[in-house]
Amino acid sequence: MAARATIIPFRPRPEKKQLISDGVLGMLVFVFVEIMLFAGFISAFVIIKSRAVGSVWPPVNQPRLPVESTAINTLALIASGVVLLIAHRAHLRARRSGEDGAVRRGPGPASPRGLGGLPGDSTGRLLVAATLLGGTFVVLQGVEWLALIREGLTITSSTYGALFYTIIGAHAVHAVAAIAALGWATMRLGAGLLTREALSTVAIFWYFVVLVWPFLYVVVYL
Amino acid sequence: MVEPAVDLTHGHAHDDHAHHGPQGWLKYLWSTDHKVIAMQYMFTGMFMALVGGFMAYVFRMQLAFPDISVPGWGGVVSMGEYNSLVTNHGTIMIFWVAMPVLLAAFGNYLIPLMVGADDMVFPKINRLSFQVFFVSTIVILASLFVEGGGFAGAWTAYPPLSADATYNLTPLGSTLWVIGVGLEFVAFLLGGINFITTLMNSRAPGMRAFDVPLVVWMIVVASILFMLSVGPLLAGAIMLVFDQTIGTGFYNPATGGDPILWQHLFWFFGHPEVYVVLLPAMGVVIEIITTFARKKVFGYRIVIFTVVATGVLSFFVWAHHQFIAGIDPRMANIFTITTLLISVPIAELCFVYIATLYGGSIRLTTPMLWALAFVAEFLIGGVTGIFLGAAGADIYFHDTYFVLAHFHYTFFPIAIIGTYAAFTYWFPKMFGKMMDDRLGKWHFWLTIIPFNMIFIPLFVLGMGGQHRRISNYSSFSELAGDGFQSVRIFATISLLIMLAAQLIFFYNCWKSWRSGPKAPKNPWKANSLEWTTESPPPHGNWRPDRMPVVYRGPYEYSVPDREEDYWPQNEPDGAPLQVVDPDAGEQGR
Ligand code: HEM
Ligand SMILES: [Cu+2]
């Protein structure tokens, strides 16, 4: 490479204002993939349903899905999403009013970013509530599954059962992963290490799990 | 650009990184450096190319000389083995060669360097990406050796053949195949998240969206296409594994399932996938063409808009693979129209490339030869695609050697020509040595000529109605006649020549790496940021206090009133023009 007669001024890199932070952007991209995954499942469901013999769906010899109890369960999930939304906003607000966040609760090394839980910050309690509500949803779903299996709906009993367990099971796997992530966020908050970005990243995943559910409910259960 | 004394000792500049993490080969295995991960992808991909190439050799021998004992295979290729070989050849070449090398290796290598970042945004996710990919490689290789052999249901894995072991006769192989492909997709998902985020959030100060080199744009658009299309296929693959292993009946008409469902899910992914591999190659080629034509890209923004439009359109053409799968003729009409439409932007890109060449001062280096060959050969692939896209013509052509020749005229330019173009162009940057140009040109001609000699005959076979996926044509009297066998022999011998010619490439790599002349920072006098750092770049790419700042787009070649015919992106306006570097020599001027 040709050297030049003058030295080109290399400026130090200015701190950049990002439109969307790294974690949130990465999670949004991931959620997009997930949306397409469930879109694939839903289209499979619709196509196979449209080919049902004599347009009878669900098949005559198969148990019905528990529409009402699942509706109530759906409310638990949505409530969990709403609580998380409130927690999310409380966290943002607390961060903003807490200046550099020097006021910290709980033990642990002083974090350089100083984002500990602040006095009067309800984030922690709300996070726990959201996690518990989400857990309730998963447990109730599991109970329903056990009942359905006893009634004779299994993954091999028909394409109906296969679709049900595959799609709803895929959602359950996501719910469990998201609950684990919420648990992680709660622990980080307790240690005073939960950044805005981290909470937003985790929260987006849970919002996705909550928001995709009504679509699945309408398509699969109704 | 500038080399103050301290720059020469850059080797120590990043010492502070050296003591992170484990040492020795473990350090290599657990590196989060995007360049190391790129190399891991590259060498795994090249190894797999050898595996896939060996498979091609074996089944081409069987086709040309039916039922002889193939040297190196240790016997006659049975029908089951033949099916397994073609299936895994296709799978490996697309998912373990084209994608890891073009998308993952060059994406990883180039994106941070070209946008002026020290690494990817999520280095650990990046490392995880390769690790998952590595596991997937082991799975697919292992699937070849399990009982029953590797999957034998064709790379498109249509059920019921793929779903039921009583049809494909590879109970374990088929499941491992789906799992391997699934893992591989997960790896690229992790990688793609990094690509998109890095381009959005880690650009050097001063670099606006339209200052980003086209190859980066194209790799990122390709990643987005991949992300958008892979979900449904993953859903389909989960259902396919369930069909194979626990006996659900998603694709089994007898239990109310639908085999065509898989075709939709597969091709909804499959067609965008061809653009996923095409776009990185297109990007590589345009970088090389501008550099060696010393001309600004013709219509930089138009190219970006075109690429995005192509990406959008590519989601609406998938059923052109299913014209004879019993889809409604009215649907076939619609997909004929969208397929013909999508050739317009692709043709436009080819014209842009030619317009960029027009009037340039062209230097025919080895990378430039590869780039030009890409345009010429891909054109043949694109034009034959139009025949196939017309539903009427496709009823005849479908599943003949015409289709096979079509997509090899697209995939070979992409995966092989594009890769060689990129590899020879960035070799000085990646390994710090110049490649031998004379050997490179021998390798070029001995690859390109046999390539055409393999696949033009296959067009002839296809037009003669020769069905693909048959292991021994002499068993079918209606397919065996008309001198077709001599055409097959001709193609196979051409393949042998081409495979042998690859030895030149490996020898050239080894020799140049061992004893080639040391590469300067910017051997091709190109503008983009990767040429402003050492060859090879240090950990962190630039010294932390010397991260580049961008002042202009990457294609300012032959700007009037400048003494030099290039203008690096990181050079402020008004820098003095005289060149005083003794070691730059005459090269490239
Ligand atoms: C101008 C653009 C293109 C058009 C119009 C086009 C059209 C088509 C059509 C209609 C078919 C289906 C033929 C049949 O199965 O009967 C086909 C097959 C195929 N094309 Fe293209 N194509 C184009 C570009 C590409 C590119 C860029 C690639 C690869 C990177 C590609 C890869 C393939 C493959 C792999 C198949 C065969 C799949 C199989 O059945 O195994 N095509 N193409
Ligand atoms: Cu296609």
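See the structure above.
Notes on the structure follow.

### Some remarks on the overall build of chain A
Across its full length, chain A carries five helices and zero strands. Secondary structure elements of chain A, listed N to C terminal, follow the sequence α-α-α-α-α. Looking at the 222 residues of chain A, the share that counts as buried comes to 49%. Within chain A, counting contacts between residues at least 6 apart in sequence, those at least 24 apart form 79% of the total.

### Focus on the site of ligand 1
All names here are of chain B. Looking at ligand 1, there are 23 residues lining it, with Trp155, Asp394, His398, His406 and Phe407 nearest. Residue Arg468 places a side-chain N or O atom 3.2 Å away from an oxygen atom belonging to ligand 1. Elements supplying a minimum of two residues to the shell around ligand 1: helix H10 (259-293), helix H12 (329-357), helix H13 (366-389) and helix H15 (401-431). Split by residue class, the shell around ligand 1 holds eleven nonpolar, ten polar and two charged.

### Focus on the coordination of the copper ion (ligand 2)
All names here are of chain B. Here the copper ion (ligand 2) is held by His271 (ND1), His320 (NE2) and His321 (NE2), and the distances to it run 1.8 to 2.1 Å. Look at where the donors of the copper ion (ligand 2) fall in the sequence and you get H-x48-H-H. A separation of 4.5 Å is found between the copper ion (ligand 2) and the iron atom of ligand 1.

### Observations regarding the environment of Phe387 of chain B
Mapped onto the secondary structure, Phe387 of chain B falls in helix H13. The residues contacting Phe387 of chain B, other than those within four sequence positions of it, are Ala393, Asp394, Phe397 and Phe402 of chain B.

### Quick look at the coordination of the iron atom of ligand 1
Within the protein, a single donor atom binds the iron atom of ligand 1, namely His406 of chain B (NE2) at 2.2 Å. Mapped onto the fold, His406 of chain B is located in helix H15.

Cut-off values and rules
- Residues numbered from 1 in each chain as written.
- Chains lettered and ligands numbered in written order.
- Predicted model: local features only at pLDDT ≥ 70, side-chain atom pairs only at ≥ 80, totals over all residues.
- Heavy atoms only, no water.
- Helix = DSSP H or I, 4+ residues; strand = E, 2+ residues; numbered from the N terminus.
- Buried < 20%, exposed > 50% of the residue type's maximum accessible area, 1.4 Å probe, protein only.
- Contact = heavy atoms within 4.5 Å.
- Near = heavy atom within 4 Å.
- Polar contact = N/O pair within 3.5 Å; in protein donor to acceptor, adjacent residues only side chain to side chain.
- Nonpolar A, V, L, I, M, F, W, Y, C, P; charged D, E, K, R; others polar.
- Donors = N, O, S within 2.8 Å, 3.2 Å for Na, K, Ca; no water.

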